Amino acid sequence: MVYDQTQRRLTVFDPQGHHVRDVSLNQREQNFFPIIGGRFPDGTYVGALRLRRQSEELPTGLVRDSLLVLRFSVAGGLLDTVGIFHNRLMDVQTRSIGSNSFRGPAEVAFSPRSVWTITADRLVVGTSDSYEIRAFRKDGTPDWIVRKYHEPIPVTDGDREQLVQAWRDIWYDRLDNPEIQYVLHTLEESPLPETFPAFDPQVLDDRGWRIGESLLTDPEENLWVAEYRPPGSGMSPRRTVFNVSGEWLGEITLPDGFTLMDVGSDHLIGLWSDDLGVESIRLHDVNKPGITDRSGD
């Protein structure tokens, strides 16, 4: 399944790569561009949409936007709302881009946010203010909760300075662009949350691009949660694994430069980058009791 958000169109292929069908979301609202990220066993699709009020309706200062999770029919029609969840922390101020000024929200650095995935017939959602992840049936009824003890890590002005410098390094050839200047100004001036997210709500590469998912599931419906790595910590990527009952199964440290993309019953598949930034797809065995090594794959 491939989703074109701009066209609001799903394209479905069979395992051999043959085109099967296209599904258009039957919505005509101008700003209705949900992200489709999964499908329930009954064939209905699940998508999410950020709920944002008009700038003139927002109070000055810190506000939270919301994430609206929706269910669509096999034909693309909107069926119902699965749930509404707290999302990103925004700072509403009057700012300038070049000679133009406007009032509106800008995202706060190290902001918590909601992430979600589908496992079997459940929607799994976590909002990274705390280490708590919940599952909901497709009608929005709560099902189970995963919790893990988490020692909050304070955010300091030094963390902000490190983040701003990292973005300056990434955009070194575009620093005269007014939009880049606006983003950097926002990072420098907006309030900071007191602590880092409890788990990683964004899996980013060195360029700041999102390349991985925070929540993944395997064929046994175990939940693989991306652990947060504070900027400059030098920590390797890690995943904590819980079973469908919310029990802790363990923690796996992944190779440096490896971004987990898919979890099988006995293997991991992901994107790996070498020191020169050359990317390749890698497969790693996961050795569990009762599962033998697959002879050097």
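Just so it is clear, the structure is predicted and the values come from calculations on it, not from any experiment. (Residues numbered from 1 in each chain as written. Predicted model: local features only at pLDDT ≥ 70, side-chain atom pairs only at ≥ 80, totals over all residues. Heavy atoms only, no water.)

**Some points on the nonpolar core**
Residues Val124, Ile133, Phe199, Leu215, Leu223 and Val225 are the most contacted members of the largest nonpolar core, which totals 13 residues. Only strand 11 (132–137), strand 12 (142–147) and strand 16 (223–226) provide two or more residues apiece to this core. (Core = buried A, V, L, I, M, F, W, Y, C linked by side-chain atoms within 4.5 Å. Buried < 20%, exposed > 50% of the residue type's maximum accessible area, 1.4 Å probe, protein only. Helix = DSSP H or I, 4+ residues; strand = E, 2+ residues; numbered from the N terminus.)

**Some points on the pairing of strand 8 (residues 100–107)**
By the bridge criterion, 8 bridges tie strand 7 (residues 78–97) to strand 8 in an arrangement that is antiparallel. Of the residues in strand 8, the one forming a bridge with Ser96 is Ser101. (Pairing = 2+ DSSP bridges.)

**As for the side chain of Asp91**
With respect to the secondary-structure elements, Asp91 resides in strand 7. In this structure the side chain of Asp91 is engaged in a polar contact, spanning 3.2 Å, whose partner is the side chain of Gln93. Filtering out sequence-adjacent residues up to four positions away, Asp91 remains in contact with Gly61, Leu62, Gly104, Pro105, Ala106, Val108, Ser190 and Pro191. (Polar contact = N/O pair within 3.5 Å; in protein donor to acceptor, adjacent residues only side chain to side chain. Contact = heavy atoms within 4.5 Å.)

**Thoughts on the side chain of Arg238**
For Arg238, the location among the structural elements is in strand 17 (residues 238–242). The exposure class assigned to Arg238 is buried, which follows from its relative accessible area of 19%. Setting aside residues up to four positions removed in sequence, Arg238 forms contacts with Val225, Ala226, Glu227, Tyr228, Glu251, Ile252 and Thr253.

**A look at the sheet that holds strand 10 (residues 122–127)**
In space, the 4 strands of this open sheet follow the order 9-10-11-12, with antiparallel pairing throughout. In the strand order of this sheet, the two ends are held by strand 9 (114–119) and strand 12, each with one partner. Averaged over all pairs of adjacent strands, the angle between their axes in this sheet comes to 20°, without regard to strand direction. In this structure, strand 11 lies alongside strand 12, joined through 5 bridges in antiparallel fashion. Residue pairing across strands places Phe136 opposite Pro142, the latter belonging to strand 12. (Axes fitted to C-alpha atoms, helices over the stretch in contact; angles between N-to-C directions.)

**Some remarks on the packing of aromatic side chains**
Scanning all chains against the criterion turns up 7 aromatic pairs. Every member of this aromatic cluster is reached through a ring pair, and the members are Phe110, Phe196 and Tyr228. For the cation-ring pair, Arg8 lies above Phe33, with the distance from its terminal atom to the ring centre recorded as 4.6 Å. The lysine or arginine in question, Arg282, covers the ring of Trp272, its NZ or CZ lying 3.7 Å from the ring centre. (Phe/Tyr/Trp six-rings, centres within 6.5 Å; stacked < 30°, edge-to-face > 60°. Lys NZ or Arg CZ within 6 Å of the ring centre and 35° of its normal.)

**Some remarks on the sheet that holds strand 2 (residues 9–13)**
Strand pairing in a sheet is mediated by backbone hydrogen bonds. Such pairs are either parallel or antiparallel. With antiparallel pairing, the 3 strands of this open sheet are ordered in space as 1-2-3. Two strands close off the open sheet at either side, each with one partner strand: strand 1 (2–4) and strand 3 (19–24). Pairwise comparison of adjacent strand axes, ignoring direction, gives a mean angle of 20° for this sheet. The pairing of strand 2 with strand 3 spans 5 bridges and is classified as antiparallel. From the neighbouring strand, Val12 faces strand 3, where its bridge partner is Arg21.

**Side note on the pattern of salt bridges**
In the structure shown here, the tally under the stated rule is 17 salt bridges. A salt bridge links Arg122 to Asp143, with the nearest nitrogen and oxygen atoms 2.4 Å apart. Here Arg122 is found in strand 10, whereas its partner Asp143 is found in strand 12, with 21 residues between them in sequence. Arg122 sits in the buried class, given a relative accessible area of 17%. On the basis of relative accessibility, which here comes to 31%, the residue Asp143 falls in the partly exposed class. Among the salt bridges present, the one from Lys148 reaches Glu251, with a minimum N-O distance of 3.8 Å. Separated by 103 residues along the polypeptide, Lys148 in the loop between strand 12 and helix 1 (157–170) and Glu251 in strand 18 (residues 248–253) bring together distant segments of the chain. Taking the relative accessible area as the measure of exposure, Lys148 reaches 24% and is therefore partly exposed. Through salt bridges with shared partners, one network takes in Asp42, Arg71, Asp80 and Lys138. (Salt bridge = Lys/Arg side-chain N within 4 Å of Asp/Glu carboxyl O.)

**Regarding the confidence of the model for the protein**
Of the residues in the protein, 93% have a pLDDT of 70 or more, and the chain-wide mean is 86. Ranking the helices and strands of the protein by mean pLDDT puts strand 16 first, with 95, and strand 14 (residues 210–212) last, with 74. (pLDDT = per-residue confidence, 0-100.)

**A short note on the packing of helix 1 against helix 2 (residues 178–189)**
In the contact formed by helix 1 and helix 2, the axes pass within 9 Å of each other and the chain directions differ by 170°. Comparing the axis directions of helix 1 and helix 2 gives the class roughly antiparallel. Contact residues: Arg160, Leu163, Val164, Trp167 and Arg168 in helix 1; Leu184, Leu187, Glu188 and Glu189 in helix 2. Looking at the contact of helix 1 with helix 2, its residues break down into 5 nonpolar, no polar and 4 charged. (Parallel < 35°, antiparallel > 145°, perpendicular 65-115°, else oblique. Nonpolar A, V, L, I, M, F, W, Y, C, P; charged D, E, K, R; others polar.)

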